[in-house]
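What the coordinates show
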Amino acid sequence: MANFDLGIMKNFQIAERYRLQFRGEMFNAFNKANFGIPGTTYGSPNFGTITSAATGRSIQLGLKLYF
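So, here's what we can say about the structure. (Residues numbered from 1 in each chain as written. Predicted model: local features only at pLDDT ≥ 70, side-chain atom pairs only at ≥ 80, totals over all residues. Heavy atoms only, no water.)

Overview of the sheet that holds strand E3 (residues 58-66)
The cut-off we apply is this: Any two strands with at least two DSSP-identified bridges between them are counted as paired. Strands here mean DSSP runs of E at least two residues long; helices mean DSSP runs of H or I at least four residues long; both are numbered from the N terminus. Note on definitions: angles span 0 to 180 degrees between N-to-C directions of axes, and those axes are lines fitted to C-alpha atoms, for helices only across the stretch in contact.
With antiparallel pairing, the 3 strands of this open sheet are ordered in space as E1-E2-E3. With one partner strand each, in any of the chains shown, strand E1 (6-13) and E3 form the two edges of the open sheet. Neighbour-to-neighbour, the strand axes of the sheet open up by a mean angle of 10 degrees, direction not taken into account. Strand direction decides the pairing type here: strand E2 (residues 19-27) and E3, joined by 9 bridges, are antiparallel. Each residue of the ladder has a partner; that of Arg23, found in E3, is Gly62.

So, in structure tokens, the structure goes:
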């Protein structure tokens, strides 16, 4: 399984006491296909066929206020 996660963030000073943080995160950033194992039951229609895969790219954005 090959997976590459990426996260970036930027802090903004609002006042002396307050800080705002914006962050973006990407899971499976390069959208690499991670296939499941092929069917192993000899004689079944799915024998040798890959019928599953892991989830694709997922992006998450967040905003946090520190006080």
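A short note on unusual backbone geometry
Rules: In this scheme, a residue with accessible area under 20% of its type's maximum is buried, one over 50% is exposed, and one in between is partly exposed, where area comes from a 1.4 Å probe on protein chains only.
A positive phi is found at Asn28, a non-glycine position, where the angle reads about 60 degrees. Exposure remark for Asn28: the relative accessible area of 6% places this residue in the buried category. Phi at Asn31 takes a positive value of approximately 55 degrees, unusual for a residue other than glycine. As for its position among the elements, Asn31 is in the loop between E2 and E3.

Thoughts on the packing of aromatic side chains
Basically, it comes down to this: Any Phe, Tyr or Trp ring, taking Trp's six-membered ring, that has another such ring centre within 6.5 Å forms a pair; planes under 30 degrees apart are called stacked, those over 60 apart edge-to-face, and the others tilted. Either the NZ atom of lysine or the CZ atom of arginine qualifies as a charge over a ring when it sits within 6 Å of the ring centre and within 35 degrees of the ring normal.
Per the stated rule, a full pass over the model turns up 2 aromatic pairs. With centroids separated by 5.0 Å and ring planes inclined at 20 degrees, the aromatic side chains of Phe4 and Phe30 adopt a geometry described as stacked. Here the residue Phe4 occupies a position in the segment before E1, and Phe30 occupies one in the loop between E2 and E3, the gap between them amounting to 26 residues. We classify Phe4 as partly exposed; its relative accessible area is 42%. Since its relative accessible area comes to 64%, Phe30 is described here as exposed. Between Tyr42 and Phe47, the aromatic rings sit 5.5 Å apart at their centres with planes inclined by 85 degrees, giving edge-to-face as the arrangement. Look at Tyr42 and you get exposed, because its relative accessible area is 74%. Looking at Phe47, the relative accessible area reads 43%, which means it is partly exposed. We note Lys10 situated over the ring of Phe12; from NZ or CZ to the ring centre the distance is 5.8 Å. Taking NZ or CZ as reference, Arg19 lies 4.1 Å from the ring centre of Tyr66, over its face.

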